[in-house]
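The lines below spell out each chain.
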Amino acid sequence: MPTLPDDFDPIPSTRRRPAVTVVALKQAEVDADALAVPVAVGAEVPEELGLDAAGLASAGFTGEPGQTLVHAHPTGPARVAVGTGTPDRADPTVVRDVAAEFARAVPWHQRLAIEVPARETGAAAAAYAQAVTEGVLLARWRYFLGRDADRPALESLLVVASEEQVDAVRTGVERGRLVAAACGLGRDLANCPASTLSAVRMAEVALEVGPPAGLQVEVFDKDQLVELGCGGLLGVNRGSVEPPRMIRLRYLPAEPTGRIALIGKGIMYDSGGISLKPSDESHAQMKNDMTGAAAVLAAMTALRDLGCTTAVTGYLMCTDNMPSGSAMKLGDVLRMRNGTTVEVLNTDAEGRLVMADALALATEEPVDAIVDIATLTGACLRTFGVELAGVMGNSPAVVDQLKRAGEVTDEPVWELPLHRPYRAQLDSPIADLTNMGGVNAGSITAGLFLEEFVDGHPWAHVDIAGTAQLPAPRTWRNKGATGFGTKLLIEFACAFTPPAADGRPGTSR
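Throughout this document, residue positions are counted from 1 along each chain, in the order its sequence is written. With the structure being a predicted model, the display of local features is reserved for residues of pLDDT at least 70 and the display and counting of side-chain atom pairs for 80 or more, all residues being used for whole-chain, interface and lining totals. Side-chain calculation: all heavy atoms of the structure are included, whereas hydrogens and water are not.

**Student:** Any details on the overall build of the protein chain? Residues and values, ideally.
**Tutor:** Secondary structure summary: the protein chain contains 14 helices and 19 strands in total. Radius of gyration here is computed from C-alpha atoms only, and the compact-globule reference equals 2.2 Å multiplied by the residue count raised to the power 0.38. Relative to the 2.2 N^0.38 estimate, which gives 23 Å for 509 residues, the radius of gyration of the protein chain is 24 Å and therefore close to what a compact globule would have. Evaluated residue by residue, the protein chain yields a buried proportion of 58% over its 509 residues. Should any heavy atoms of two residues lie within 4.5 Å, those residues are considered in contact. Summarising the internal contacts of the protein chain: among those between residues at least 6 apart in sequence, 77% fall at separations of at least 24. For helices the rule is a DSSP run of H or I covering at least 4 residues; for strands it is a run of E covering at least 2, with both sets numbered from the N terminus onward. The buried label goes to any residue with under 20% of its type's maximum accessible area, the exposed label to any with over 50%, and the partly exposed label to all in between, with areas taken from a 1.4 Å probe on protein chains only.

Given below as structure tokens:
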């Protein structure tokens, strides 16, 4: 059966980025198809909307967050009333959501405009503009392979500011544009069909987007992985006709203020291996089992232009997990990069195997903290659903910095305990440990497995099994693979402070 051509572009959003500009204009002069007019609960209705409070009330519009009302204006662009809630709730998360609802309310309008309120000045104006830009661009992002795939989801976004605001707003818009572009890249990769985005193709994408973004890119093929002793990645790859790849990315600022390693699970398609998954809709979603690797790659493409001063090394551990006559079997014993032997009790617990090799490699270089990110356990999905990721680690300082990054970016993480008495569930009679704990606390035992490979370095693990996929669009998040983690890692890297030996922020390790 014919499939997509070999030269299919797996990252279309990088070719169709809308223009984003900042202007100091009166709203009557705005050249756009639709203009957002924020309306707060109980506040005076802006005159430029063209409707009064009675008109809004008759349409059932109260100004609650998420409400929108499209109003054809006699002159100029259509006006879109967007509810912002109470006036004191205009934090970046609310602004980002409001901007996204505006973009969704007029899905066929190609040129959008939104004004930064006059009360926002300095850093607040920049933050407002960044949130607006992210909200509109990410709500309008799409990954579509149908007949009109080349139709742009958005042509332009015009951010209107006063003369006094322009410089700050322009700074915020540029930051928002960079973050949204990185997140779009992460979504592209996570949504790309697995037959098209193999481990080899993932390496080609990294070589395409990495160097222009100031990244050094190294690709390790199967023979090199054998030399490195990466038994986890090689073991999982045994059932696939596609060869594995480890991709190492380096971002090196001139005067680093810290050093981190980011490790992403890159299972390009997860059938479960011999422990085959059930044939249902969740199986079809397993093209997104490389969301962790996509998030690391996408986040690192934005670091230079955002002025990140943290040195970052990224490891993308890429392979399929497939059943075949040569596939890894239950009861097999694998030897990892650091010499640890692992008895395989479930071939569908493969993500921790490929990441173990990268964790061991990361400890072999000077590093202040290690963070891994993966669609790792169904237990995390059942615990937190689709809006919260799990986080755990051996360093309170690193975990706390990830929590703060999640709050800033609206990619929230919730801490789970590394309850070490559960480590006994990973004991094996024939190897150093097994790759599977008991039937309960699966997210925690997975974290305890990964901790075995960090050699005491400050480390945190982010489990995005639930947040990697959404069943329906919500504000700036789209249906399907979300690319969750890209914004989180960007903020974490840019704001990173090396932890001291006692776990508090302090000097470099």
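Read on for the rest.
**Student:** How would you summarise the sheet that holds strand 7 (residues 216–220) if you had to cite specific residues and measurements?
**Tutor:** Two strands in a sheet stick together by hydrogen bonds in their backbones, pointing the same way (parallel) or opposite ways (antiparallel). Taken in spatial order, the 8 strands make up an open sheet running 7-8-10-9-13-17-14-15, and their pairing is mixed. At either end of the open sheet lies a strand with only one pairing partner, and these are strand 7 and strand 15 (413–415). Pairwise comparison of adjacent strand axes, ignoring direction, gives a mean angle of 20° for this sheet. The convention used is that axes are lines fitted to C-alpha atoms, helices contributing only their stretch in contact, and that angles between N-to-C directions extend from 0 to 180 degrees. The strands that helix 10 (residues 351–362) touches are strand 8 (245–251), strand 9 (258–270), strand 10 (310–321), strand 13 (369–374) and strand 17 (459–463); relative to strand 9, the one it contacts most, it runs at about 155°. Two strands are counted as paired when DSSP detects at least two bridges linking them.

**Student:** Could you give an account of the environment of Ile370, with specific residues and numbers?
**Tutor:** Counting through the fold element by element, Ile370 comes out in strand 13. Judged by its relative accessible area of 0%, Ile370 falls in the buried class. Sequence separation of Ile370 and Arg259 is 111 residues, and the distance between their C-alpha atoms is 8.9 Å. Setting aside chain neighbours within four positions, we find Ile370 in contact with Ala261, Ile263, Leu359, Ala362, Thr363, His457, Pro458, Trp459 and Ala460.

**Student:** So, the environment of Thr475: which residues are in play, and what are the values?
**Tutor:** With respect to the helices, strands and loops of the structure, Thr475 is situated in the loop between strand 18 (469–470) and strand 19 (480–481). Residue classification places Thr475 among the buried positions, given a relative accessible area of 9%. Throughout this description, a polar contact denotes any pair of N or O atoms lying within 3.5 Å of each other; where both atoms belong to protein, one of them has to be capable of donating a hydrogen while the other can accept it, and for residues adjacent in sequence the pair is counted only when both atoms sit in side chains. Within the local environment of Thr475, its side chain forms a polar contact with the side chain of Asp97, the two groups lying 3.4 Å apart.

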